Amino acid sequence: MDFISDNLLTILILAPIIGAMLTLAHQMFWKQEGQLKWLTLGFTLVNFAVSLLLFTGSAPAGGYMFEKNVPWITAINTNYHVGVDGLSFWLVILTTFIMPIAVISTWHAVEKKATAFYVFLLLLESAMIGVFVSLDLLVFYLFFEASLIPMFFLIGVWGGENRIYAAVKFFIFTALGSLLMLVGIISIYYIYADQTGFGGSFDLVSITNALKQGQMSFAGEWAGAGTLLFLAFALAFSIKVPLFPFHTWLPDAHTEAPTAGSVILAAVLLKMGTYGIMRFNFAMFPDQSREWAWLFIALAIIGIIYGALVAMVQPDVKRLVAYSSVAHMGFVVLGMFSFTETGMQGAVYQMLNHGVSTGALFLLVGFIYERRHTRAISDFGGLANVMPLYATIFVITAMSSVGLPLLNGFVGEFLIMVGMFKSTVLPITATFNWNYNATMLAGTGVIFAAVYLLWMMQRVFFGKVTNEKNKHLTDLTWREIGLIVPLVVLMVYMGVYPKPFLARTQENVQTIEKTVMKSAGGDVVRSTSDCKCEDEKKKEQH
């Protein structure tokens, strides 16, 4: 048991790789493709079970659970350094939870090159877990890039009619952003060596400790370099989110990807961008994060409204859900850059919400596509008459995405808007508060979300069955029910009782708030209520 505890994160990373190797060996020696899905499912289920051991760990104050730090390439002082804290804990669990669901969703859908398909799924799981647990910048970059390759092939080989276009577009966008981040990582290595005199380092803990102790700084003469590095990291992560205007690869990738690819892309891969900003940008560049917050808040609000408006006019159900992701991830970015505990807690919670709700929507779209081989809204109508169970679960999932109270989406969006409303990151004058206006503009996205989802459901599920091909559709099978019910249960549980999730992330969010919201003189930036109290005192004195 001590061996498992000491190497838990390494086991989570290596288990899918071992599964991929055994899958290849099975095909080479036994050539029974029918068993590949069972083998892949078995490894993803085992990995999920192993990941539940994370609940047994406890991190020291400001530290990491299950930390492993061993030399890797000594010539450049890079280590295999992994660990989990509140910020990454639920994302690792979400990854291992989603993977078995993604595998089962392809049970009857993969008709060609099944061996390669399941190998890429397992390799993708390993890379995604590696991203969330890496504490060395170079190791993080390698996992970040490694996650790109399996998804590229999943879209390009098993995708829809325009799969090559979508896969190449996805690769170009994300690879170019990642290369800028690599330049930034190398620059930090030499800046650390120059300022501390200890030699270069890629270790995130060493870098952040040097910044806290004043041994390293991106202020003063290094402020310009700090800004460029901040923007290099932020661009790479913004493309991954994706944040407007870097979002154009997402609708194509989602639309053309197979169901499993869409589910993983929505549930996990997009979170690598928002996680990266909170883990690296906020920790290493707090001054620049605060200085450029106005830009990210503006782009987030544009993305929220733009994504919702474009979703309204989509004729394809899957493309509509894809554009809704642009809007929902805009809410996550808004909460992050509010730099309030409430807003950032909401942002982390909304990452999980989006993974559950939008992942479920893509599953449901995949179910109907397997039956009708079309996703055009105009080809449906009255499905509630012939598929009542499917329609019921779809409505619940859509309401979760809208943010209906007692479902998970409400908690995340409410916390984000309250956090932004209380924020002081945007200018405040005696007569005008930009934080209030940003909150109100973002709130329109919730209204627009209700419009495009309710209108879509009205056209797809209600009224009379007008298309003869829809009259004999079968309702959900037991396999499909088993896939979707755990996600629906999570939507309700997270909407009714969010405390266990928020408690895990609270300490890390508070640390980020204290790190970022410092003025040049070292004082914590005051809250809106503090500013109001001072204004009232001045009026009384006058």
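Bear in mind the structure is a predicted one, so any value in this text is a computation, not a measurement.

Trainee: Which residues make up the pattern of salt bridges, and what values do they have?
Mentor: Where charged atoms from two side chains of opposite charge approach closely, those side chains can pair. Tallied over the full model, the rule gives nine salt bridges. A salt bridge links R479 to E370, with the nearest nitrogen and oxygen atoms 3.7 Å apart. Residue R479 is located in helix α22 (residues 478-496), and its partner E370 is located in helix α17 (residues 341-372); the two are separated by 109 residues in the primary sequence. Residues K471 and E468 are paired through a salt bridge, measuring 2.8 Å at the closest nitrogen-oxygen approach. Here K471 falls in the partly exposed class, since its relative accessible area comes to 38%.

Trainee: Before we move on, can you summarise the environment of T505 with the specific residues and values?
Mentor: With respect to the helices, strands and loops of the structure, T505 is situated in helix α23 (residues 499-516). Take T505: its relative accessible area is 3%, and that puts it in the buried class. T505 sits 416 residues away from F89 along the chain, and the two C-alpha atoms are 8.3 Å apart. Ignoring any residue separated from it by four or fewer positions in sequence, one finds T505 in contact with G86, W90, Q345 and V348.

Trainee: I'd like a description of the packing of aromatic side chains, backed by residues and values.
Mentor: Here the structure, examined in full by the defined rule, presents 41 aromatic pairs. Ring centres 4.9 Å apart and planes at 75° place the aromatic pair F432 and W434 in the edge-to-face group. Among the residues examined, W434 registers a relative accessible area of 47% and is labelled partly exposed. When the ring of Y493 is compared with that of Y497, the centres are 6.1 Å apart and the planes differ by 75°; the resulting orientation is edge-to-face. The rings of F140, F144, F218, F230, F233, F237, F280, F282, F285, F296, F337 and F339 are connected pair by pair, giving a single aromatic cluster. Positioned over the ring face of W455 is R459, at 3.8 Å from the centre of the ring. Geometry around F89 places R504 over its ring, the cationic atom sitting 4.2 Å from the centre.

Trainee: Describe in detail the environment of G184, supporting the description with residues and values.
Mentor: Structurally, G184 is set in helix α8 (residues 163-196). A residue is classified by how much of its surface remains accessible, and G184, at 2% relative accessible area, is buried. Measuring from C-alpha to C-alpha, the distance between G184 and L137 comes to 10.0 Å, with 47 residues separating the pair along the chain. Apart from residues no more than four positions distant in its own chain, G184 is found in contact with L229 and F233.

Trainee: Got a sec to walk through a nonpolar patch on the surface? Specific residues and values, please.
Mentor: A cluster of nonpolar side chains, I164, V168, F171, I172, L176 and L179, forms an exposed patch at the surface whose accessible area comes to about 530 Å². Of note, I172 is situated in helix α8.

Trainee: Account for the environment of A167, naming residues and giving values.
Mentor: Turning to its location among the elements, A167 is positioned in helix α8. The sequence separation of A167 and K271 amounts to 104 residues, and the corresponding C-alpha distance is 19 Å. Not counting chain neighbours up to four residues away, the residues in contact with A167 comprise F152, I155 and G156.

Trainee: Before we move on, could you go through helix α4 (residues 86-105) and cite the residues and values that matter?
Mentor: With 20 residues, α4 ought to run about 28 Å at 1.5 Å a step, and its terminal C-alpha atoms sit 30 Å apart, in line with that. Summarising burial for α4: 19 of the 20 residues are buried, a large majority.

Trainee: Explain helix α11 (residues 249-256) to me, and be specific about the residues and the numbers.
Mentor: Structural remark: α-helix, 3.6 residues per turn; residues separated by three or four positions point the same way. In terms of burial, α11 is largely enclosed, as eight of its eight residues are buried. Those residues of α11 not exposed but buried are W249, L250, P251, D252, A253, H254, T255 and E256.

Trainee: Go over the pairing of strand β2 (residues 78-84) with me, naming the residues and quoting the values.
Mentor: Counting buried residues along β2, seven of its seven residues qualify, which places the element largely inside the surrounding structure. Of the two faces of β2, the one holding T78, Y80, V82 and V84 and the one holding N79, H81 and G83 are both buried throughout. In this sheet, β2 lies alongside strand β1 (residues 65-73) in antiparallel orientation, the contact comprising six bridges. In the sheet register, M65 faces β2, and the bridge partner there is V84. Between β1 and β2, which pair antiparallel in sequence order, lie four residues; one of them, N77, sits at a positive phi of approximately 55°.

Trainee: Lay out the packing of α8 against helix α10 (residues 223-240) in plain terms, naming residues and giving numbers.
Mentor: Contact geometry for α8 and α10: axes closest at 8 Å, N-to-C directions at 150°. In terms of axis orientation, α8 runs roughly antiparallel to α10. For the pair α8 and α10, the crossing hand works out as left-handed. Contact residues: F173, T174, G177, S178, L180, M181, G184, I185, S187, I188 and I191 in α8; L229, A232, F233, L235, A236, F237, I239 and K240 in α10. Considered class by class, the residues forming the contact of α8 with α10 number 13 nonpolar, five polar and one charged.

The rules behind the values
- Residues numbered from 1 in each chain as written.
- Predicted model: local features only at pLDDT ≥ 70, side-chain atom pairs only at ≥ 80, totals over all residues.
- Heavy atoms only, no water.
- Salt bridge = Lys/Arg side-chain N within 4 Å of Asp/Glu carboxyl O.
- Helix = DSSP H or I, 4+ residues; strand = E, 2+ residues; numbered from the N terminus.
- Buried < 20%, exposed > 50% of the residue type's maximum accessible area, 1.4 Å probe, protein only.
- Contact = heavy atoms within 4.5 Å.
- Phe/Tyr/Trp six-rings, centres within 6.5 Å; stacked < 30°, edge-to-face > 60°.
- Lys NZ or Arg CZ within 6 Å of the ring centre and 35° of its normal.
- Patch = residues over 30% accessible without salt bridge, like charges linked within 9 Å, V, L, I, M, F, W, Y side chains within 5 Å.
- Areas by Shrake-Rupley, 256 points an atom, 1.4 Å probe, with all protein chains shown as cover.
- Expected span 1.5 Å × (residues − 1).
- Pairing = 2+ DSSP bridges.
- Axes fitted to C-alpha atoms, helices over the stretch in contact; angles between N-to-C directions.
- Parallel < 35°, antiparallel > 145°, perpendicular 65-115°, else oblique.
- Left-handed = near helix turned anticlockwise from the far one by under 90°.
- Nonpolar A, V, L, I, M, F, W, Y, C, P; charged D, E, K, R; others polar.

Shape descriptors only; they carry no functional weight alone.
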